[in-house]
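One letter stands for each residue in the lines below.
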Amino acid sequence: MLSSTDQWQALALERPFLLRLARLQLGSQADAEDAVQETLIGAAKGWRGFEGRSGLRSWLTGILRHKIVDAIRGRRYAVPLQDGAGAGDHRSEFDPLFTADDAWHPDVFIDTVCGATKAAERQLLDIVELCMNRLPEETARLFLMREYLGMELAEIEERSTVSAGNLRVLLYRARMRLRECAVRGWGELE
Amino acid sequence: MTTKKTPLTCRDTTYLVSESRDAPLDAEQNELLAEHLKTCDACRTASIQFAQLFSQLDSLLARK
């Protein structure tokens, strides 16, 4: 059993990750700080409920999700996002990955798959986090509304000003960029 | 008479893989994807990579 001081130290280590998630979703540093602070205080109070099975970050990330979803759904206005921000021409961005007839280009295709050993799990998650941090902010915000908050596309469209078509393009673009970044990272682990 | 479906390109498969993360593919999309994967080594590899990436995202973002 960790002492109270150790608990706070463990919680404080996760703060930057949580704050980035919250800031992206809530759009305001002050609101993000509040949501994270509430999460950490709630976690400290409910430490006995933390069973350690899923890891501290995962536990906190789950608690924070509820706070962010409540905050977003409680708002009467949509998070202002510029329609088309970052959507652009997704075909040309990924042209170098494909041949003229849209097959994977053999000269640049990275075929590394990750050897998911338990020991490397933390490293694998670090790679994904690093890759996610490289996404443009508006793209990351929409991507995380879907992937973190679990909102359906229709709700994301309603709560942002992005059209259905552009939302699909942005999500596609984020996933393609993440794959490209992740497979490079996996290659370096070998 | 049956209509011959246009086979997918590798780039098409990436659109479907992304879309499948948001909503289940329909029967025709699944069939076309499966047909393409049967004959395309690179897409089979890419498909595994996407699955691994999505699984890691689920862990990182506590979606499991």
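Computed from a predicted structure; not experimentally measured. (Residues numbered from 1 in each chain as written. Chains lettered and ligands numbered in written order. Predicted model: local features only at pLDDT ≥ 70, side-chain atom pairs only at ≥ 80, totals over all residues.)

**Considerations on the overall build of chain A**
The helix and strand tally for chain A stands at eight helices and zero strands. Along chain A, helices (α) and strands (β) appear in the sequence α-α-α-α-α-α-α-α when read from the amino end. In chain A, which comprises 190 residues, the share counted as buried stands at 32%. Residue pairs at least 24 apart in sequence account for 73% of intrachain contacts in chain A once pairs closer than 6 positions are excluded. (Helix = DSSP H or I, 4+ residues; strand = E, 2+ residues; numbered from the N terminus. Buried ≥ 20, exposed ≤ 12 C-beta atoms within 10 Å, placed from the backbone. Contact = placed C-beta atoms within 7 Å.)

**What to know about the interface of chain A and chain B**
At the junction of the two partners, chain A supplies 31 residues and chain B supplies 23 residues. Broken down by secondary-structure element, the contributors of at least two residues to the side of chain A that touches chain B are α3 (56-74), α5 (121-133), α6 (137-147) and α8 (164-189) of chain A. Looking at the side of chain A that touches chain B, the element that brings in the most residues is α8 of chain A, giving eight residues. Of the residues that constitute the side of chain A that touches chain B, the class distribution is 18 nonpolar, four polar and nine charged. (Nonpolar A, V, L, I, M, F, W, Y, C, P; charged D, E, K, R; others polar.)

**Looking at the domain arrangement of chain A**
All names here are of chain A. In terms of domain boundaries, chain A breaks down into domain 1 (1-76) and domain 2 (79-190). The partner domain 2 presents nine residues to the eight residues of domain 1 that form the contact. Sorting the residues of the side of domain 1 that touches domain 2 by element identifies α1 (4-26) and α3 as the ones contributing at least two each. With four residues, the single largest contributor to the side of domain 1 that touches domain 2 is α3. Grouping the constituent residues of the side of domain 1 that touches domain 2 by class yields five nonpolar, two polar and one charged. (Domains from an automatic or database assignment.)

**Some points on the packing of α1 of chain A against α3 of chain A**
Residues and elements named next belong to chain A. Look at α1 against α3: their axes get within 10 Å of each other, and the N-to-C directions meet at 30°. Classified by the interaxial angle, the pair formed by α1 and α3 is roughly parallel. In this structure, α1 crosses over α3, and the sense of that crossing is right-handed. Residues Ala 10, Glu 14, Phe 17, Leu 18, Leu 21, Ala 22, Gln 25 and Leu 26 of α1 lie in contact with α3, whose contacting residues are Leu 56, Arg 57, Leu 60, Thr 61, Leu 64, Ile 68, Ala 71 and Ile 72. (Axes fitted to C-alpha atoms, helices over the stretch in contact; angles between N-to-C directions. Parallel < 35°, antiparallel > 145°, perpendicular 65-115°, else oblique. Left-handed = near helix turned anticlockwise from the far one by under 90°.)

**Topic: α6 of chain A**
Ala 140, Arg 141, Leu 142, Phe 143, Leu 144, Met 145 and Glu 147 of chain A are the residues of α6 of chain A that are buried. Against the buried residues of α6 of chain A lie α1, α5, α7 (153-159) and α8 of chain A together with α3 (41-60) of chain B.

**A word on the packing of helix α1 (residues 10-20) of chain B against α3 of chain B**
Residue and element names in this part refer to chain B. At a minimum axis separation of 11 Å, α1 and α3 run at an interaxial angle of 20°. Taken together, the axis directions place α1 and α3 in an arrangement best described as roughly parallel. As for the relative orientation of α1 and α3, their crossing is right-handed in sense. Across the interface between the two elements, Cys 10, Thr 13 and Val 17 from α1 touch Ala 42, Cys 43, Ser 47 and Phe 50 from α3. Its residues assigned to classes, the contact of α1 with α3 shows five nonpolar, two polar and no charged.

**Details of α1 of chain B**
Turning to α1 of chain B, its buried residues number three or more, namely Cys 10, Thr 13, Thr 14 and Val 17 of chain B. The buried residues of α1 of chain B all sit within an arc of 105° when viewed along its axis, so they share a single face. Buried positions along α1 of chain B lie against α8 of chain A together with α2 (27-39) and α3 of chain B. (Arc of directions from axis to C-beta.)

**Structural notes on the nonpolar core**
Burial of nonpolar side chains together is a common tendency in soluble globular proteins. Counting 52 residues, the largest nonpolar core has Ala 22, Leu 64, Val 128, Leu 144 and Ala 182 of chain A as the members making the most contacts within it. Every element with two or more residues in this core is listed here: α1, α2 (29-45), α3, α5, α6 and α8 of chain A together with α1 and α3 of chain B. Looking at which domains feed residues into this core, each of domain 1 (1-76) and domain 2 (79-190) of chain A supplies at least three. In this view, Ala 22 of chain A contacts Ala 32, Ala 35, Val 36, Leu 64 and Ile 68 of chain A; residues no more than four positions away in its chain are not counted. (Core = buried A, V, L, I, M, F, W, Y, C linked by C-beta atoms within 7 Å.)

**Quick look at the environment of Thr 6 of chain B**
Residues and elements named next belong to chain B. Relative to the helices and strands, Thr 6 is located in the segment before α1. Note on Thr 6: 8 C-beta atoms within 10 Å, which makes it exposed. Linking Thr 6 and Leu 32, residues 26 residues apart in sequence, is a C-alpha distance of 8.6 Å.

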